[in-house]
Amino acid sequence: MTPVAGSATTPADSDLVRAARGLPVSRTPVWFMRQAGRSLPEYRELRAGTKMLDSCQDPDLVTEITLQPVRRHGVDAAILFSDIVLPLVVAGVDIEIKPGIGPVIASPVRSVADVDALPDLEPGQLDFLATAVGRLVGELGATPLIGFAGAPFTLATYLIEGGPSKEHARTKAFMYAEPEAWSRLLGKLAVSAATFLRTQVDAGASAVQLFDSWAGVLSAVDYAERVLPHSRAVFDGLGNREQGVRDVPRIHFGVATGELLPLIGDAGADVVGVDWRVPLDEAVRRIGPSRSVQGNLDPAVLLADRDTVEREVRRVVDQGRAARGHIFNLGHGVLPETDPDVLTRVVELVHELTSR
Ligand code: 1CP
């Protein structure tokens, strides 16, 4: 029923996990950010009548929506259907995901007192998540499940701006004006992200991705001093084998992070996600040889003609050979208007081009 990922018999031996660790693979693994939801008609049908954040807390819906793209496209990994704001929602922050907009916060964080009033996430509030992950791992067989969380900076942008934003000016203003409260806010968000990830790993997720989608709006100096320590704290807080936590590969992703790649490569992950702006061979030069890379087809290419899609996929595959390990993905999420059949064709093409 569920397609088998490469030639592996367990997720721990899958091409995704092996590529993340820089080990030999049977073929380049491929999955897509935002593969669950958005472009799939079967998703829209299933979600009809249920609010986004309610569906994320319903283990039956989470399981089914997570499996849909695996069945349809034969991707090498599932990504948990959830959202980066979920740990905040579960802890009691009033957030709604508005269709066509994204997360909207009822009372944005605008003062030091707002930071201190932010509720903490308790591990006991995540039983639904452990149930969904456990069920998924049972269904997925040898296909790995990627768990995820939002990085402290990207979550802070939503809390401070009150919703999606382009410039993130209020966020930066708070960062400069209130450095201590900023550090406390990101520190709290790091603890909650680590708890969210730890629950997924303990329940059987085979890899995790930290989404710092909007980190690219920062200068390297600000990122290094005011953000990176908190992202590193998420990976540290997730724990390691000595602390009784399964040792799963960690992926760290942001958009427009070309100038930050050396820093991101140093924050504690095994894999650095790269958007389409920097070719993968150049990204490897910036990150160094001891990390794998993930990416980086421009999602807009999938809206172009068949020959263009094929040419660009070949280019990404070729440039990815510079890395110790390459996980094929888009440079950011699947655009909602993407034809799902094009995604399936990309999976087939990457496999065809890289089968050994
Ligand atoms: O494949 C998947 O879609 C898996 C589930 C998933 C993930 C990994 C969702 C479901 N959201 C996310 C992560 C997420 N959420 C990120 C990081 C990844 C990225 O950069 O795309 C971010 C920034 C969010 C915040 C968010 N939630 C936005 C972006 C708003 C903005 O600032 O531009 C949006 C539109 C949402 C809603 C959302 N989350 C997920 C889905 C399927 C949706 C659409 C809701 C719907 O169908 O009505």
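Rules used in this analysis
- Residues numbered from 1 in each chain as written.
- Predicted model: local features only at pLDDT ≥ 70, side-chain atom pairs only at ≥ 80, totals over all residues.
- Heavy atoms only, no water.
- Helix = DSSP H or I, 4+ residues; strand = E, 2+ residues; numbered from the N terminus.
- Rg over C-alpha atoms; globule rule 2.2 N^0.38 Å.
- Buried < 20%, exposed > 50% of the residue type's maximum accessible area, 1.4 Å probe, protein only.
- Contact = heavy atoms within 4.5 Å.
- Near = heavy atom within 4 Å.
- Polar contact = N/O pair within 3.5 Å; in protein donor to acceptor, adjacent residues only side chain to side chain.
- Areas by Shrake-Rupley, 256 points an atom, 1.4 Å probe, with all protein chains shown as cover.
- Nonpolar A, V, L, I, M, F, W, Y, C, P; charged D, E, K, R; others polar.
- Salt bridge = Lys/Arg side-chain N within 4 Å of Asp/Glu carboxyl O.
- Phe/Tyr/Trp six-rings, centres within 6.5 Å; stacked < 30°, edge-to-face > 60°.
- Expected span 1.5 Å × (residues − 1).
- Bend = angle between axes of the 7 residues up to and from the residue.
- Axes fitted to C-alpha atoms, helices over the stretch in contact; angles between N-to-C directions.
- Parallel < 35°, antiparallel > 145°, perpendicular 65-115°, else oblique.
- Left-handed = near helix turned anticlockwise from the far one by under 90°.
- Pairing = 2+ DSSP bridges.
- Right-handed = clockwise from strand over helix to strand, strands pointing away.

(A) Geometry of the overall build of the protein chain. A count of helices and strands for the protein chain gives 15 helices and nine strands. What you see for the protein chain is a C-alpha radius of gyration of 19 Å, in line with the 21 Å of a compact globule of 356 residues. Its C-alpha atoms give the protein chain principal-axis dimensions of roughly 55 × 45 × 45 Å. Here the protein chain holds 356 residues, and the buried ones make up 57% of them. Considering only intrachain contacts with a sequence separation of at least 6, the fraction spanning at least 24 residues in the protein chain is 74%.

(B) The arrangement of the site of the ligand in detail. Around the ligand lies a shell of 24 residues, among which Arg34, Asp83, Tyr158, Ser213 and His332 are the nearest. For the ligand, an oxygen atom lies 2.7 Å from a polar atom in the side chain of arginine 34. Within the backbone of glutamine 35, an N or O atom sits 3.1 Å from an oxygen atom of the ligand. Relative to its unbound accessible area of 870 Å², the ligand is 87% covered by the protein chains. Those elements giving two or more residues to the shell around the ligand turn out to be α2 (41-47) and β3 (102-105). Of the residues assigned to the shell around the ligand, the class counts are 15 nonpolar, five polar and four charged.

(C) Fine view of the pattern of salt bridges. Here the structure, examined in full by the defined rule, presents 17 salt bridges. The closest approach of N and O atoms between arginine 18 and aspartate 13, which form a salt bridge, is 3.2 Å. Residue arginine 18 is classed as partly exposed on the basis of its relative accessible area of 22%. Residue aspartate 13 is classed as partly exposed on the basis of its relative accessible area of 34%. Taken together, the shared-partner salt bridges in this structure form one network comprising Glu42, Arg72 and Asp341.

(D) Geometry of the packing of aromatic side chains. For the coordinates displayed, the defined rule picks out four aromatic pairs. Connected via pairs of aromatic rings, a cluster forms that spans Phe148, Phe211 and Phe253.

(E) Main features of helix α11 (residues 220-238). End to end, α11 covers 25 Å across 19 residues, agreeing with the expected 27 Å (1.5 Å per residue, within 8%). Bending of α11 peaks at approximately 50° at the position of valine 227, with proline proline 229 no more than four residues after it. Those residues of α11 that fall on the buried side of the exposure criterion are Asp222, Tyr223, Val227, Leu228, His230, Ser231, Val234, Phe235 and Leu238. Lining the buried residues of α11 we find α8 (152-161), α9 (169-177), α10 (179-202), β5 (207-211), β6 (250-253) and α12 (261-264). Within two residues after α11, glycine 239 carries a phi angle of roughly 90°, on the positive side.

(F) Structural detail: the packing of helix α14 (residues 306-320) against helix α15 (residues 340-354). Relative to each other, α14 and α15 sit at 45°, their axes nearing to 10 Å. What the angle tells us is that α14 and α15 run oblique. Along this stretch, α14 crosses α15, giving a crossing that reads as right-handed. Contacts from Arg306, Val309, Glu310, Val313, Arg314 and Val317 in α14 reach Val342, Arg345, Val346, Leu349, Val350, Leu353 and Thr354 in α15. Here the residues of the contact of α14 with α15 are counted per class, giving eight nonpolar, one polar and four charged.

(G) Looking closely at the pairing of strand β9 (residues 326-330). The buried fraction of β9 is high, at five of five residues. Of the two faces of β9, the one carrying His326, Phe328 and Leu330 and the one carrying Ile327 and Asn329 are both buried. Of the pairings in the sheet, the one linking strand β8 (residues 292-297) to β9 comprises five bridges and is parallel in character. By the bridge assignment, glutamine 294 is partnered in β9 with isoleucine 327. At this point the chain moves from β8, through α14, to the parallel β9, and the crossover so formed is right-handed.

(H) Inspection of unusual backbone geometry at higher detail. Here the amide bond leading from glycine 295 into asparagine 296 is cis, since omega sits at -10°, within 30 degrees of zero. Turning to its location among the elements, asparagine 296 is positioned in strand β8. Of note in this structure, arginine 34 is not a glycine but carries a positive phi near 60°. Examined against the element boundaries, arginine 34 turns out to sit in the loop between α1 (15-21) and α2.

(I) Layout of the environment of glutamate 122. Tracing the backbone through its elements, the reader meets glutamate 122 in the loop between α6 (112-117) and α7 (127-140). Owing to a relative accessible area of 46%, glutamate 122 belongs among the partly exposed residues under this scheme. In sequence terms glutamate 122 and serine 192 are 70 residues apart; their C-alpha atoms lie 8.3 Å from each other.

Any link to function would need more than the numbers given here.
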